[in-house]
Amino acid sequence: MEAREWIYPQKPTGKWHTRRAWFTVGILALLFALPFVKIDGQPVLLLNVLERKFIIFGIFIGPQDYWLFGLMMLSFMVFIVLFTTVFGRLWCGWACPQTVFMEMVFRKIEYAIEGDATRQKLLNKAPWTSDKIIKKGTKYFLFLLVSFLIANLLLSYVLGVDELSKVISEPLEDHLTLFAGIVAFTAVFYFNFAWLRDQACTVVCPYGRLQSVFIDRNTIAVAYDHERGEQRGKLHKNQERTIGDCIDCHQCVAVCPTGIDIRNGLQMECVNCTACIDACDSMMDRVGFEKGLIRYTSENAIENKTRKLITPRVIGYAAILLVLWSGLGFMVASRSDTQTSLLRAPGTQYIENPDGTISNLYTFKIFNKTNKLIKTTIKIKDQRGKLIFAGNPDLTLQPAGMSEGTVFINMPKSAITQRKTKLPLAVYQDGKELEVFETTFLGR
Ligand code: SF4
Ligand code: SF4
């Protein structure tokens, strides 16, 4: 295995970096504020993978909603494919938490304490003086602190802020497992941002590795205009330039956080961070050439001078997405708060009672598809029928909870005209109908 070459990217500065810095402020504010935002007492976003409970923009998705969840995941994936086909790795460069924290938080701490790339290299080679110990100690302590913060942030999306604040405020021994989770995630984030760094994007991230499948010649990406830049060559004073505009200064390589040379064409390692645009623009400015040798553009725009965002492929993906979103919208609009199954007890027949009624025995399960407590009642829609519950089942459903039991349905003989009759039933809460469902009644 080849030894890893540690990357020391030069501190990026310039128009694009400033834009990204402001965008980062927005993204971080959103990331840290969102767990506190609630609608109707529920977090607006909750991703509880442990209990398979999710709240997405206020819509609760419990373990029963696997269809809805599946459709949401599918729509999300198609959206990613569509977005990537048009805008390439815009997400990676601007909004991915890995890039945002790595480039805009951890590297900023590193630059502030250890200085720019050259100083960092020198410090790493230097003997362990008190200055080096203080610098390294402070840096890694701050790394640990931010990692701890990110671990808490992640858990606030998984558990919700209320649950997380319990872990923090109540005695440690009451929440040992969750506390162990915070420690484990802190360690994972520390390892990621202190050591793994660019390799998280270039080796681990599946989205990065799938780029070649999603993008095409019309995809917008940070790209080097080889038509204009080549043949590259150093700039010589007082000599008329007959070659391309790339002065081979290597500034674009020096700032690259993944250590690549963008002049080699589109590469899987490029996270579209825009650092090389700024570096190259500043060189172009200095030598009096037009800016934009590296810019947001597409292969087709560089080679054929044609810009085409809406291609047949994009239209195809957009059409699929529209169908999926319509299905999703319908499912959300038509879903009920409960999901009930009431099935005839296996192996049982109907019973003819002396009072002129017929009984069927059923087992029932009623699931709460909301994240709130619901007190339910079940009724037969046909007024002539009667439900007689075995025992006294508690139909109060805990958030995302379930209740089950057995029940007889009694129908007057006169109401049953065929062997199998479809009986509509409904679930109510405080007189409000939550769900209508059907069961089969045997008789005659
Ligand atoms: S090639 Fe440019 S845009 Fe891509 S990762 Fe390197 S510096 Fe960022
Ligand atoms: S920064 Fe621009 S001019 Fe310098 S090597 Fe890179 S592409 Fe060429």
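Here the structure is a predicted model, which means the values were calculated and not measured.

A closer look at the sheet that holds strand 5 (residues 59-61)
Each strand in a sheet pairs with another by means of backbone hydrogen bonds, the pair being arranged parallel or else antiparallel.
For step 1, the next point in the chain: One open sheet accounts for 3 strands, arranged 3-4-5; its pairing is antiparallel. On the outer flanks of this sheet lie strand 3 (45-48) and strand 5, each paired with one strand and no other. Averaged over all adjacent pairs, the angle separating strand axes in this sheet is 20°, with direction ignored.
For step 2, the next point in the chain: Relative to strand 4 (residues 53-56), strand 3 is paired through 4 bridges, and the arrangement is antiparallel. The partner of Asn-48 across the bridge, within strand 4, is Lys-53.
For step 3, the next point in the chain: In this fold helix 2 (residues 66-87) packs onto strand 4 and strand 5, with an angle of close to 115° to the strand it touches most, strand 5.

So, the nonpolar core
For step 1, the next point in the chain: Within the largest apolar cluster, 33 residues are counted, with the highest numbers of intra-cluster contacts made by Phe-101, Val-105, Phe-106, Ile-150 and Phe-193.
For step 2, the next point in the chain: Of all the secondary-structure elements, those providing two or more residues to this core are helix 1 (15-33), strand 4, helix 2, helix 4 (97-114), helix 6 (130-158), helix 8 (176-196) and helix 16 (312-334).
For step 3, the next point in the chain: Val-105 has contacts with Leu-28, Val-100 and Val-146, leaving out every residue within four places of it along the chain.
For step 4, the next point in the chain: Membership of the second largest hydrophobic core comes to 24 residues, among which are Phe-214, Val-222, Cys-273 and Cys-280.

Examining helix 2
For step 1, the next point in the chain: Given a rise of 1.5 Å per residue, 22 residues ought to cover 32 Å, and the 31 Å separating the end C-alpha atoms of helix 2 matches this to within 8%.
For step 2, the next point in the chain: All of the buried residues along helix 2 are Leu-68, Leu-71, Met-72, Ser-75, Val-78, Val-81, Leu-82, Thr-84, Thr-85 and Val-86.
For step 3, the next point in the chain: Looking at the packing, one finds that the buried side of helix 2 touches strand 4, strand 5, helix 10 (206-209), helix 11 (211-214) and helix 16.
For step 4, the next point in the chain: After helix 2 finishes, the residue Gly-88 shows a positive phi value of roughly 60°.

Rules used throughout
Residues numbered from 1 in each chain as written. Chains lettered and ligands numbered in written order. Predicted model: local features only at pLDDT ≥ 70, side-chain atom pairs only at ≥ 80, totals over all residues. Heavy atoms only, no water. Pairing = 2+ DSSP bridges. Helix = DSSP H or I, 4+ residues; strand = E, 2+ residues; numbered from the N terminus. Axes fitted to C-alpha atoms, helices over the stretch in contact; angles between N-to-C directions. Contact = heavy atoms within 4.5 Å. Core = buried A, V, L, I, M, F, W, Y, C linked by side-chain atoms within 4.5 Å. Buried < 20%, exposed > 50% of the residue type's maximum accessible area, 1.4 Å probe, protein only. Expected span 1.5 Å × (residues − 1).

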